[in-house]
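Residues per chain, in single letters:
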Amino acid sequence: FLQPSSAFAADDIAPINGIYADPNHKNGYRVVRTIGKTSASVTLQDEPEGPIITVSGDINTSGKGTTVTLDLSPKGGPKDVVAIVKGSDLYFPDGNSWTKNSGV
């Protein structure tokens, strides 16, 4: 049997991995993948015919919770947007949130 990697123990950042819906881009998607315990890669597309863009992120976990700082500059956004991880969703300072799709 395969044993789960210690990098993705139950109390680690693996639950961030997934496909997210963004209400600001209802026809698009966001795929979040962790790389180790401190980095993430987000592949996103705002519209079905739009460009597919991959951005990088830094994960910070502390006693206050987990945040993901994303560099959205490849899609024309800010370089250091801090999203707060609450449950299985990501919350942004502008009031937007990405909801993780269940069952994926």
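The structure this text deals with has already been given above.
Rules and cut-offs
Residues numbered from 1 in each chain as written. Predicted model: local features only at pLDDT ≥ 70, side-chain atom pairs only at ≥ 80, totals over all residues. Heavy atoms only, no water. Helix = DSSP H or I, 4+ residues; strand = E, 2+ residues; numbered from the N terminus. Polar contact = N/O pair within 3.5 Å; in protein donor to acceptor, adjacent residues only side chain to side chain. Contact = heavy atoms within 4.5 Å. Pairing = 2+ DSSP bridges. Axes fitted to C-alpha atoms, helices over the stretch in contact; angles between N-to-C directions. Salt bridge = Lys/Arg side-chain N within 4 Å of Asp/Glu carboxyl O. Buried < 20%, exposed > 50% of the residue type's maximum accessible area, 1.4 Å probe, protein only.

A. Inspection of the side chain of T43 at higher detail. Tracing the sequence through the fold places T43 in strand 3 (residues 39-45). Side chain to side chain, T43 and T54 meet in a polar contact 3.3 Å long. Once you skip the residues sitting within four places of it in the chain, T43 turns out to touch Y29, R30, V31, R33, I52, I53 and T54.

B. View of the sheet that holds strand 1 (residues 18-21). One closed barrel accounts for eight strands, arranged 1-2-3-4-5-6-7-8; its pairing is antiparallel. Pairwise comparison of adjacent strand axes, ignoring direction, gives a mean angle of 30° for this sheet. Sheet topology places strand 3 next to strand 4 (residues 53-62); six bridges connect them, and they run antiparallel. From the neighbouring strand, A40 faces strand 4, where its bridge partner is G57.

C. Local environment of the pattern of salt bridges. Applying the stated rule across the entire model yields three salt bridges. Residue D22 pairs with R30 through a salt bridge whose shortest N-O separation is 3.1 Å. Across the pair, exposure class does not vary: D22 and R30 are buried alike. Where salt bridges share partners, they join D22, R30, D46 and K75 into one cluster.

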